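# An overview of the molecular structure
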Amino acid sequence: MKVAFVASEAFPFAKVGGLADVIGSLPQALRKLGLKPTIFLPWYWGIQGYYVGEAWFNFEGHREKIGIGHAEHQGVRYVLVGLGDFARDKPYGYDDDFRRFVRFAMATAELLGDFDIVHAHDWQAALLPLLRNLGWFRARTVYTIHNLAYQGVWGSQDFYAWTRLPGETYYGAGLEHNGAINLMKAGIVNADAVTTVSPRYAWEITTPEGGEGLDGVLRSQQGKLRGILNGLDTDYWNPATDRYLKHHYDATDLSGKARNRAELLSEFALEDRPTLGVVSRFAHQKGIDLIGDAVDGLMGMGVNLVVLGSGEPGLERTFAWMASHLPGRLAYVQGYNEALAHRIYAGSDGFLMPSRFEPCGLAQLIAMRYGTLPIVRAVGGLLDTVKHWETGFMFDSMDAGGVLHGVSEFLKHPDRLSVARNAMQADFSWDKPAREYVSLYQQLLG
Ligand code: ADP
Ligand code: GLC
């Protein structure tokens, strides 16, 4: 069985969030089960690959060249899809992102001739199942929704001018949604199977509250929709070997964690109090604003905060301002910082994640693996992975009061050390989910 993954992020080549963790680690787990997946990734600026040749695809009525690169990571083969407008320093955040990823999908479709399964991820690859149905390649298709909030929506005039796809695909192949092109919808409608990254989210997205306008579409496709929980790369995220940590530890002896904690507190000149970490994109989804709203209450309860993240500029300013007014109690570092993320996961006592919605969430899994107790909103994959009072703490209410309630539960637990041990011993590896993907592929190939 030849399996291709098509995605816009893969750790360590390009990472914005958890999608990169999944694409960077699930293939290794599939390899252990005897598959040899190939990952198709845009050839972003800075990715070290070697040039192996070229191919051609049609765009805007012209033939355009694709520069093809190869790379390898831990035995997994990557095909780097080289297109001019991807040689930029970050994966997204540009005005022409929609056009760029339509180009990526169309170019990649030309390279998929050999494959039995094409597994496309999120809106950036969502055009592929439709192109398969138009006969561009023959594989069976799986489409995974990592985040329904980003759908790839654009005007139809541009879309047809660029792609020259037949006009009847607008209604006939499910591209139309609310009068515009919606790639997420096309992926859902055209794929042979649709998965999302936790069972709970698989249900939530079929409801009006969680469906982001696509719940009706998802209900109509429910027979082919299922949730498969994400796993973690438990070799990379391992407090016993983590290359970013000075002190290593495991569930039998957490003294190394205490030393990492002392260093984290001294790095940020924080008082010795229960310390809660946050490592997150600053997006509405993550409820970072709720932490901001709760900050007076949190200080009153006697906890510190160590926050790493970037995104919405208003939130970045708020956290910078709070840090300057709360020395010794609240530290904020803006940006993406792999090394500091590891130090926060290892050195904090609790980990705050008040998400409004969460398809799966990897940050809470990482925190648990490092014996740092997640304090999370009871939603999506957070509900499927954290056991209240046993491996972490959960709250319902989507406001500052909810955050404070979650933190008060954390503070009043009589034996946080045993919660930390439980969390560290929970199985968040890919072993089981990888088997679920393999059996899905097998079902599709009949
Ligand atoms: P999402 O994919 O929605 O951002 P996840 O919890 O699934 O949320 O995954 C987030 C991933 O990105 C985790 O690996 C987390 O450690 C990492 N991450 C998020 N923000 C930062 C940051 N500012 N610096 C370093 N790593 C980050
Ligand atoms: C998305 C979701 C996150 C999930 C990740 C990987 O970014 O927001 O919840 O863990 O994808 O599937």
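Residues numbered from 1 in each chain as written. Chains lettered and ligands numbered in written order. Predicted model: local features only at pLDDT ≥ 70, side-chain atom pairs only at ≥ 80, totals over all residues. Heavy atoms only, no water.

### Side note on the site of ligand 2
Selection rule: Whether a residue is near a molecule or strand is decided by its heavy atoms; if any one of them lies within 4 Å of it, the residue is near. N or O atoms closer than or at 3.5 Å make up a polar contact, with two conditions inside protein: a donor-capable atom paired with an acceptor-capable one, and, for residues adjacent in sequence, both atoms drawn from side chains. Counting from the N terminus, the helices are DSSP H or I runs at least four residues long and the strands are E runs at least two residues long.
Taken together, 14 residues form the shell around ligand 2, and within it His146, Asn230, Gln285, Glu358 and Gly361 come nearest. Within the side chain of Glu358, an N or O atom sits 2.5 Å from an oxygen atom of ligand 2. At a separation of 3.5 Å, an oxygen atom of ligand 2 approaches a polar backbone atom of Pro359. The dominant element in the shell around ligand 2, judged by the number of residues it contributes, is helix α1 (residues 18-32), at three residues.

### Observations regarding the pairing of strand β5 (residues 76-82)
Short version of the rule: Note on classification: 1.4 Å probe, protein chains only; a residue is buried when its accessible area is under 20% of the maximum for its type, exposed when over 50%, partly exposed between these limits. Any two strands between which DSSP finds at least two bridges are classified as paired.
Counting buried positions along β5 gives six out of seven residues, so the element sits mostly inside the fold. In this sheet, β5 lies alongside strand β4 (residues 62-73) in antiparallel orientation, the contact comprising seven bridges. Bridging across to β5, Gly69 finds its partner in Leu80. In sequence, β4 turns back onto β5 through a hairpin of two residues, with Gln74 there showing a positive phi of about 45°.

### Considering the pairing of strand β16 (residues 350-353)
Convention followed: Throughout, right-handed denotes a crossover for which the path from the first strand over the helix to the second runs clockwise when the strands point away from the viewer.
The alternating pattern of β16 places Gly350 and Leu352 on one face and Phe351 and Met353 on the opposite face, and all of these are buried. Alignment of strand β13 (residues 275-282) against β16, held across two bridges, turns out to be parallel. Residue pairing across strands places Leu276 opposite Gly350, the latter belonging to β16. Examined bridge by bridge, β16 and strand β17 (residues 373-377) share four bridges and lie parallel to one another. Considered in β17, the bridge of Gly350 is made with Leu373. Read from β16 through helix α14 (residues 363-369) to β17, the crossover connection turns out right-handed.

### Some points on helix α16 (residues 400-412)
Short version of the rule: For a helix, the expected span equals 1.5 Å multiplied by the residue count minus one.
In a regular helix each residue adds 1.5 Å, so 13 residues correspond to 18 Å; α16 covers 18 Å between its end C-alpha atoms and thus fits that length. Along α16, the residues classified as buried are Ala400, Gly402, Val403, Gly406, Val407, Glu409 and Phe410.

Note that all results are geometric; they support no functional claim without further evidence.
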